[in-house]
Amino acid sequence: MTRVLSGIQPTGDVHLGNYLGALRQWAIDQHDADAFYCAVDLHAVTIQQDPEQLRSATLGTMATLVSVGLDPEVCTLFVQSHVPQHTELSWLLECTVSLGELRRMTQFKDKAARAEGGDQRGDHVSAGLFTYPALMAADILIYDADRVPVGDDQRQHLELTRDVAQRFNSRYGDTFVIPDAAIPTVGARVMDLQNPTAKMSKSSESPQGSVGIFEDPAHVARKFTRAVTDSESEVRYDPEVKPGVSNLLSILGAATGRSAADAAASYSQYGVLKTDTADAVIAMLEPIKAKKAELDADPAELARIIAVGADKAEAVACVTVARAKEAMGFLPKQPQPKVSA
Ligand code: TYM
């Protein structure tokens, strides 16, 4: 059976981009693959986090995963730091990846530039931010994942993961499965509603540009009404020339199961396009909000789901790390010899 792995950082509220680019696909994949999904809290601390906030965001993210339809009876849902083998494998991979490869990562360059610009807590670029892709490779390779459902912004990290796995296999013998990225055809890059040339993100400087999946419908509607478009009036899918309108069309298409170009065919005015997109998004998010309310009323159930997931994930992770360590030549730990009387 195909193995699937993906992760999401527990930092801030999950937004429409996370849902359309990744989580929605995760929910589909769980039914035809052996799927592992996690809140990647170890990645979150590459940027300084408030401890209390990290704890509550991790719980909130796990509740969100269940709310978007991930069924803990069908797939494995876990918190990354509950499976210590991720950091162990990450170290082994850090010793095989090159500085040059890490330096080329555009997410590192972007985040480092922002941190150096002084708009992030801590005001410095951590070494963890730099080695982050090795940990991400470990997350994937440790589950022998064949497929990794992610948004378009993770494409480069996935390519690096493949390179790392291939290099390891050719140096030390066949150890890791080479994973493929699974990037959706619509919704892979949801843009900021106020700044449609930048992707929608949790750290966006314009809260008006990002739509949280649990946001009040009235707020969601207002954000779409105020979305930046352009001074023309033609509705057409053309991301280069008309990024704002094209973003609305992509969102509408993704929410109603059409391509952005097909969605464009029904519209001649920006106003109707905006209200229809808002309505489609609100309708799509409705059942997710209802499930979240149910789960919020039962914290013991969430704690149980998290505990079960950690055990299931660790059982798989242990085997892969042992295989990788043996391939690299680490001395196996033996049980203490019995002293005869
Ligand atoms: P993160 O937490 O930034 O995002 C989680 C998922 O959401 C997708 N995404 C988007 N998709 C479309 N439009 C957007 N505007 C948008 N913003 C985010 C991301 O592509 C991602 O799939 N490095 C990863 C987390 C990670 C991971 C992993 C993923 C750690 N280990 C192993 C896969 C496998 C990240 O920061 O995602």
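Please refer to the structure higher up on the page.
Remember, predicted model here, so these are calculated numbers, not experimental data.

Reading the values: rules and limits
- Residues numbered from 1 in each chain as written.
- Predicted model: local features only at pLDDT ≥ 70, side-chain atom pairs only at ≥ 80, totals over all residues.
- Heavy atoms only, no water.
- Buried < 20%, exposed > 50% of the residue type's maximum accessible area, 1.4 Å probe, protein only.
- Helix = DSSP H or I, 4+ residues; strand = E, 2+ residues; numbered from the N terminus.
- Arc of directions from axis to C-beta.
- Contact = heavy atoms within 4.5 Å.
- Core = buried A, V, L, I, M, F, W, Y, C linked by side-chain atoms within 4.5 Å.
- Phe/Tyr/Trp six-rings, centres within 6.5 Å; stacked < 30°, edge-to-face > 60°.

> Before we move on, could you go through helix α9 (residues 217–225) and cite the residues and values that matter?
What α9 keeps buried is the set V220, K223 and F224. End-on, the buried residues of α9 take up no more than an arc of 95°, which puts them together on one face. The inward-facing, buried residues of α9 contact α1 (16–29), α10 (243–256) and α12 (270–296).

> Mind laying out the environment of A327, listing which residues take part and the relevant values?
Note on placement: A327 falls in helix α13 (residues 299–328). In this structure the C-alpha to C-alpha distance between A327 and A297, which are 30 residues apart in sequence, comes to 47 Å. The contacts of A327, once residues within four sequence positions are left out, are F168, Y172 and T175.

> Lay out the nonpolar core in plain terms, naming residues and giving numbers.
The tendency in soluble globular proteins is for nonpolar side chains to be buried as a group. Counting 55 residues, the largest nonpolar core has L16, L70, L77 and F224 as the members making the most contacts within it. When residues of this core are assigned to their parent elements, the largest contribution, 10 residues, is made by α12. Beyond its immediate sequence surroundings of up to four residues, F224 is in contact with L16, L193, V211, L248, I251, K274, T277, A278 and V281. Among the nonpolar cores identified, the runner-up in size contains 39 residues, and V40, L93, L102 and A324 belong to it.

> Tell me about the packing of aromatic side chains, and name the residues and values.
Under the criterion given, the structure shown has 6 aromatic pairs. Between the aromatic rings of F168 and Y172, the centroid separation amounts to 4.8 Å while the plane-to-plane angle is 55°, which identifies the pairing as tilted. Residue F168 and its partner Y172 are both found in helix α8 (residues 155–172); the two are separated by 4 residues, about one turn of the helix. A relative accessible area of 0% means that F168 is categorised as buried. Taken together, the ring pairs in this structure connect F36, F78 and Y143 into an aromatic cluster.

Treat this as a map of the structure, not an account of what it does.
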